[in-house]
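# Tertiary structure, described
Listed below, chain by chain, are the residues.
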Amino acid sequence: MKGTFFQKPLEFGLVIHGESWQQGDHIKGSLIVKNHGPENLDLSATGITLALGNLKKYKAKDPEAFTILGETFFNEGVLVDMGEERTLDWDFQLANDCAITEKTSSLFIICGEKDDYFGGGQMQLQINPENSLTQFLEIFKNFFKFQVKAIKNKNGFIEAKMVAPDSKELGAVEQLMLNMRMNGDDMDLKYTFKVNRVSYGAAGEISAKAKKEEYSQSLKPKQFRLFGDAPNQDGIIEAIGEVIEQVKTKSAFWDQKKEGE
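Residues numbered from 1 in each chain as written. Predicted model: local features only at pLDDT ≥ 70, side-chain atom pairs only at ≥ 80, totals over all residues. Heavy atoms only, no water.

Further remarks concern the nonpolar core. Ranked by size, the top nonpolar core spans 33 residues in total, and within it Phe136, Phe140, Phe146, Leu178, Tyr191 and Phe193 carry the most contacts. For this core, the secondary structure elements donating two or more residues are helix H2 (131-144), strand E14 (157-163), strand E15 (173-183), strand E16 (186-200), strand E17 (206-219) and helix H4 (233-259). Not counting chain neighbours up to four residues away, the residues in contact with Phe140 comprise Lys145, Phe146, Met162, Leu176, Leu178, Tyr191, Ile240 and Ile244. Listed in part, the 25 residues of the second largest apolar core include Ile16, Leu43, Val80 and Leu125. (Core = buried A, V, L, I, M, F, W, Y, C linked by side-chain atoms within 4.5 Å. Buried < 20%, exposed > 50% of the residue type's maximum accessible area, 1.4 Å probe, protein only. Helix = DSSP H or I, 4+ residues; strand = E, 2+ residues; numbered from the N terminus. Contact = heavy atoms within 4.5 Å.)

Summed over the entire model, instances satisfying the criterion amount to 12 aromatic pairs. Judged by centre distance (5.4 Å) and plane angle (80°), the rings of Phe66 and Phe108 are edge-to-face. With Phe66 in strand E7 (residues 66-73) and Phe108 in strand E10 (residues 105-113), this pair connects stretches of sequence that are 42 residues apart. Here the two residues Phe66 and Phe108 agree in accessibility, since each one is buried. The structure contains a cluster of three or more aromatic residues connected by ring pairs, namely Tyr58, Phe66, Phe108, Tyr117 and Phe118. (Phe/Tyr/Trp six-rings, centres within 6.5 Å; stacked < 30°, edge-to-face > 60°.)

One number sums up the size of the largest pocket: a volume of about 290 Å³. Lining the largest pocket are 17 residues, and of these Lys154, Glu159, Met177, Asn179 and Thr192 sit closest to its centre. Here the lining of the largest pocket gets 5 residues from one element, more than from any other, and that element is E16. Of the residues contributing to the lining of the largest pocket, the split by class is 6 nonpolar, 5 polar and 6 charged. In this structure, the second largest pocket is lined by Glu102, Lys103, Thr104, Ala150, Ile151, Lys152, Asn153, Glu159, Ala160, Lys161 and Met177. The set of elements that each furnish at least two residues to the lining of the second largest pocket consists of strand E13 (147-154) and E14. Element by element, the count of residues in the lining of the second largest pocket is highest for E13, at 4 residues. Residue composition of the lining of the second largest pocket, grouped by class: 4 nonpolar, 2 polar and 5 charged. (1 Å grid on protein atoms, 1.4 Å probe; cavity = no way out; pocket = protein on both sides within 12 Å on 5 of 7 lines; lining within 4 Å. Points joined across faces, edges and corners; volume = space filled by probe spheres on them. Nonpolar A, V, L, I, M, F, W, Y, C, P; charged D, E, K, R; others polar.)

For the rest of this paragraph, the subject is the pattern of salt bridges. Enumeration according to the criterion identifies 10 salt bridges in this entry. With a shortest N-O distance of 3.0 Å, Glu138 and Lys141 are connected by a salt bridge. Within this pair, Glu138 and its partner Lys141 are both found in helix H2, separated by 3 residues, close to a single helical turn. Its relative accessible area of 35% is what places Glu138 among the partly exposed residues. Glu245 is the partner of Lys248 in a salt bridge, and the nearest nitrogen-oxygen pair spans 3.7 Å. In this pair, Lys248 and Glu245 are both assigned in helix H4, 3 residues apart and thus about one turn of the helix distant. Under the relative-accessibility criterion, Glu245 is labelled partly exposed at 45%. (Salt bridge = Lys/Arg side-chain N within 4 Å of Asp/Glu carboxyl O.)

Below, the structure is given as structure tokens:
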């Protein structure tokens, strides 16, 4: 990725190595600064910022649009003469649970003067879930027939909104919110099912009410990964199956009540 930006009298040539990244990756690049003005300029307050941007505020150029995650500036005393260039190489390590790119927020690389985030240039980054999380979701969809409707960041997790298959066993399940993150080498999972359950009134009336049912898992690497990037398909199916079986049992009970109405 490349971009050219101007913050008079400086011209910025921003180079980012790559087009998309996963959580935990390194993002590397360089910033070439050229001075078009008549005087020498100090570059110690000029450089690169890694930030999480609220996209609505970013479009409105709200000063509160960005949360700063990292900065790299030229060393103290570095000058750029009239017509000369200086190059700054930079490298940011993304956290394993960093925010992914979604419809309301995204990571950005910003170049220019320190704290002036709209005066120079900004480039939006495409950050995808860590590979093991993506593989986990794919296996969930393929073997358990849940469909992913949306993915977003939520409180340090990636939250996938999922719809259960149209089956008798899971007939009471309206929705699953699956929260995932890498916690060091482990995978943390929180399942929140929205399930219709039978409710008995004071006069003996029977009705169905939606309730939340929550389950948590923390998987060790050998449970979801064989070697390198290869997923442990059997381990993932077993882990998901343990949760689904609990929901199935309750769903079957609900179906019997429903059929008896």
